[in-house]
Amino acid sequence: MAATNDMTVGNPTPDILRFALPLILGYILQQMYLIIDAAIVGRWIGVGALAAVGASSSIMFLVMGFCNGSCAGFAIPIAQSFGAKDYSAMRSYVSNAIRIAFVIAIVITLLTLIFCERILKIVNTPADIFSDAYIFLMLSFAAIPFTITYNLLSGFIRALGNSKQPFFFLIISSFVNIGLDILLILILGLGVEGAGIATLLSQAFSGFLCMRYIRKHLQILIPKGEERAYDDKKVGRLLNNGIPMGLQLSITGIGIIMLQSANNALGTVYVAAFTASMRIKYLFTCVFENIGVAMATYCGQNIGAQKVERIALGIKSALKIMGVYFLFTFLLIYPLADYMMMLFVDPSETEIIRNAALFMRIANYFYPALGSLTILRYSIQGLGYSNLSMLSGVMEMIARCGVSLWLVPSLHFIGVCYGDPVAWSAADLFLIPAIYLLYHHLKKKFQRVA
């Protein structure tokens, strides 16, 4: 198996599928162990524990969105340097990206641990689940350095066109997580605390596997001599790509926090319904996300090689793939949503099941808007215009805040169900003209250079 993959030549559709498929399978597996995690918590500990695990999910999206988005942004100059065959610059970017990620990991971990209790109060966490939610969130924050390590190193590997190896590492860490869940929750009876410890340890193991693989098989990524030196210009470029991507997801996360806060105020039943539906939703929507991740590397390599015409071809191919997948999800979700929710709660919990299934079906109708969003956003990021893509996150945040302030008070949980669809549609209103104008700008730019 090749350790690298040049995406600047050949038919874009097979290139994108070859890159995206391991990512998709890996994240489906990752979501599966999150589903199993929630199922174990909901079935064996109770509805309150399930709600406790989900009560802080929007907080984790905000925090980890910044960390993971930044790491993905740091990989873009590496993909561009690889596409341009400038391997010395690529290794210098690796060295400086590690420095930045180390600082981010320390600062964010300390801040989140200090303000954990206050954060849960801000999002209106119900009193009956507050203690369990606090324990789970503290353990999740403690895992931040390990999560950043995995996302940074796997981003380096994917920048070289290799998405298979991070997939294998996710398989291994997923089984480790499930095994630890069974041991800590079912056998040792640690409850929500066991779920948090299992996630922390599995994240640490996945980061270790990435580090070991790079040392053994991707020596091309390991900086040598002067490549290890601090470089102001390269740090600036890394920050210009990484921080806007991180902020974009964090800005989106602010809107999600507003939405979850409004939902939490409706009561524990609705928190449990939201948690169950979000677990299944992420299982399906991670496919769109990873087609987008594939487009970031694809566009990064091709802009580095100055092959602008391949960018439009790649976007069209990705949109076709997205359309086919949407039809598959509709045929699956619409008739089976109620049964999917029974994975998390007893069939007698009819109110939770009904509300969670409603959330899933409404979101599913708008999956084409989400697919377009991820493909266009990641393509813009891969081209090196992360500041532009960040504005789409602002559009999402404004839309979710509007839903939280006006729709949820009047429509209650139905308003919550429309939070994501309205946000996705608002972001697309910005991204569609943005990618059109950006493509023609780049086309003229490289024509002048030629």
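Remember, it's a predicted structure, so these values are computed and weren't measured experimentally. (Residues numbered from 1 in each chain as written. Predicted model: local features only at pLDDT ≥ 70, side-chain atom pairs only at ≥ 80, totals over all residues. Heavy atoms only, no water.)

**Student:** Just to check I follow, could you spell out the pattern of salt bridges for this structure?
**Tutor:** Close approach of charged atoms lets side chains of opposite charge pair. Taken as a whole and assessed by the stated rule, the structure comprises 10 salt bridges. Salt-bridge contacts for Lys281 lead to Asp420; the nearest nitrogen and oxygen are separated by 2.6 Å. Of this pair, Lys281 sits in helix α11 (residues 268–304) while Asp420 sits in helix α17 (residues 419–449), and the two are 139 residues apart along the sequence. Note on Asp420: relative accessible area 6%, which makes it buried. (Salt bridge = Lys/Arg side-chain N within 4 Å of Asp/Glu carboxyl O. Helix = DSSP H or I, 4+ residues; strand = E, 2+ residues; numbered from the N terminus. Buried < 20%, exposed > 50% of the residue type's maximum accessible area, 1.4 Å probe, protein only.)

**Student:** Can you help me understand the packing of aromatic side chains in this one?
**Tutor:** Given two aromatic rings, one states the distance between the centres and the angle between the planes to describe the pair. A full pass over the atoms with the stated rule returns 13 aromatic pairs. Pairing Phe169 with Tyr213 gives two aromatic rings, centres 6.0 Å apart and planes at 70°, and the pair type is edge-to-face. Pair noted here: Phe169 is in helix α8 (residues 164–187) and Tyr213 is in helix α9 (residues 192–217), with a separation of 44 residues, a long-range link. Pair check on accessibility: Phe169 and Tyr213 agree, each one buried. On the basis of an interplanar angle of 40° and a centroid distance of 6.4 Å, the ring pair of Phe359 and Phe413 is categorised as tilted. One end of the pair, Phe359, is in helix α13 (residues 350–365); the other, Phe413, is in helix α16 (residues 413–417), and 54 residues separate them in sequence. Owing to a relative accessible area of 1%, Phe359 belongs among the buried residues under this scheme. (Phe/Tyr/Trp six-rings, centres within 6.5 Å; stacked < 30°, edge-to-face > 60°.)

**Student:** So what exactly am I meant to see when it comes to helix α12 (residues 309–341) here?
**Tutor:** Residues that lie three or four places apart on an α-helix share one face, since the helix turns once every 3.6 residues. Here α12 contains 33 residues, and its C-alpha end-to-end distance of 45 Å stays within 8% of the 48 Å for a straight helix at 1.5 Å per residue. Of all the bends found along α12, the most pronounced is centred on Pro335 and spans about 60°. (Expected span 1.5 Å × (residues − 1). Bend = angle between axes of the 7 residues up to and from the residue.)

**Student:** Which parts of the structure should I look at to understand the packing of α12 against helix α14 (residues 367–382)?
**Tutor:** Closest axis-to-axis distance for the α12/α14 pair is 9 Å, and the angle between their directions is 150°. With respect to their mutual orientation, α12 and α14 come out roughly antiparallel. At the point where α12 passes α14, the crossing takes the right-handed sense. The segment α12 lies against α14, with Ile315, Ala318, Leu319, Met322, Phe326, Thr329 and Ile333 engaging Tyr367, Pro368, Gly371, Ser372, Ile375, Leu376 and Ser379. Of the residues belonging to the contact of α12 with α14, the class tally is 10 nonpolar, four polar and no charged. (Axes fitted to C-alpha atoms, helices over the stretch in contact; angles between N-to-C directions. Parallel < 35°, antiparallel > 145°, perpendicular 65-115°, else oblique. Left-handed = near helix turned anticlockwise from the far one by under 90°. Contact = heavy atoms within 4.5 Å. Nonpolar A, V, L, I, M, F, W, Y, C, P; charged D, E, K, R; others polar.)

**Student:** Would you take a moment to explain the environment of Ile256 for this structure?
**Tutor:** Considering the arrangement of structural elements, one finds Ile256 in helix α10 (residues 232–264). Classification of Ile256 as buried rests on a relative accessible area of 7%.

**Student:** Explain unusual backbone geometry here, please?
**Tutor:** Across the chain, the bulk of peptide bonds are trans and the bulk of non-glycine residues have phi less than zero. If you check the backbone angles, Lys85 has positive phi at about 65° while not being a glycine. In this fold, Lys85 is placed in the loop between α3 (57–83) and α4 (87–114). One non-glycine residue with positive phi stands out, namely Gln306, at about 60°. Turning to its location among the elements, Gln306 is positioned in the loop between α11 and α12. We classify Gln306 as partly exposed; its relative accessible area is 48%.

**Student:** Please clarify how α13 should be interpreted in this entry.
**Tutor:** In a regular helix each residue adds 1.5 Å, so 16 residues correspond to 22 Å; α13 covers 23 Å between its end C-alpha atoms and thus fits that length. Three or more residues of α13 are buried, namely Ile352, Ile353, Asn355, Ala356, Ala357, Phe359, Met360, Arg361, Ile362, Ala363 and Asn364.

**Student:** Can you help me understand the side chain of Thr109 in this one?
**Tutor:** Turning to its location among the elements, Thr109 is positioned in helix α4. Of the polar contacts made by the side chain of Thr109, one reaches the backbone oxygen of Ala105; its length is 2.6 Å. In this view, Thr109 contacts Phe141, Ile144 and Pro145; residues no more than four positions away in its chain are not counted. (Polar contact = N/O pair within 3.5 Å; in protein donor to acceptor, adjacent residues only side chain to side chain.)

**Student:** How should the nonpolar core be read in this particular structure?
**Tutor:** The nonpolar side chains of soluble globular proteins are, as a tendency, buried together. Grouped together as the largest cluster of nonpolar side chains are 72 residues, with contacts concentrated most on Phe284, Met295, Met341, Met360, Tyr367 and Leu383. Ranked by the residues each element gives to this core, the list is headed by α11, at 17 residues. The contact partners of Leu383, leaving out residues within four places of it in the chain, are Gln80, Cys299, Ile303, Ile311, Ile435, Leu438 and Leu442. Ile108, Cys116, Ile157 and Leu209 belong to the second largest nonpolar core, which has 51 residues in total. (Core = buried A, V, L, I, M, F, W, Y, C linked by side-chain atoms within 4.5 Å.)

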